[in-house]
Amino acid sequence: MKDGYMIFVILAVLFTPFLPLVLKSKCPLCGKRKLEKLGTEIVKGEDASKVYVTRYRCHACMKHFEQEKTGKLKEASPPEALESA
């Protein structure tokens, strides 16, 4: 019985470095797990309410996305284009 626990512990320790790859979100366009979170911004709405917008970038297809609160990912312009406008 103790051998079973030790095997489980050893497998858990060996699997731990791969957790970030498994837990990464999938890109809605290409379907690969290369989505990187860039950051969260607080945007004031028209009625003085706060809206949290999280920005993402896919390393595979080089597209940018944004997500309001916990909604769906929508394709967005790169943050560099927003700063220059």
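Data block above holds the structure.
Student: Which residues make up a nonpolar patch on the surface, and what values go with them?
Tutor: Nonpolar side chains collect at one region of the surface, where F15, F18, L19, L21, V22 and L23 lie side by side and expose about 610 Å² of accessible area between them. At four residues, helix α2 (residues 19-23) tops the list of elements feeding residues into the nonpolar patch. Relative to the helices and strands, L21 is located in helix α2.

Student: Give me the pattern of salt bridges: which residues, what numbers.
Tutor: Counted under the stated rule, the structure contains five salt bridges. With its nearest N and O atoms 2.7 Å apart, the salt bridge here joins E36 to R57. In this pair, E36 is assigned in strand β1 (residues 35-44) and R57 in strand β2 (residues 50-58), connecting sequence segments 21 residues apart. You can call E36 partly exposed: its relative accessible area is 27%. Taking the relative accessible area as the measure of exposure, R57 reaches 24% and is therefore partly exposed. In this structure, the salt-bridge partner of E41 is R55, at a minimum N-O distance of 3.4 Å. Here the residue E41 occupies a position in strand β1, and R55 occupies one in strand β2, the gap between them amounting to 14 residues. Taking relative accessible area as the criterion, E41 reaches 37% and is therefore assigned partly exposed. Ionic contacts of the salt-bridge type, sharing partners, join the residues E41, R55 and E66 into one network.

Reading the values: the criteria
Residues numbered from 1 in each chain as written. Predicted model: local features only at pLDDT ≥ 70, side-chain atom pairs only at ≥ 80, totals over all residues. Heavy atoms only, no water. Patch = residues over 30% accessible without salt bridge, like charges linked within 9 Å, V, L, I, M, F, W, Y side chains within 5 Å. Areas by Shrake-Rupley, 256 points an atom, 1.4 Å probe, with all protein chains shown as cover. Salt bridge = Lys/Arg side-chain N within 4 Å of Asp/Glu carboxyl O. Helix = DSSP H or I, 4+ residues; strand = E, 2+ residues; numbered from the N terminus. Buried < 20%, exposed > 50% of the residue type's maximum accessible area, 1.4 Å probe, protein only.

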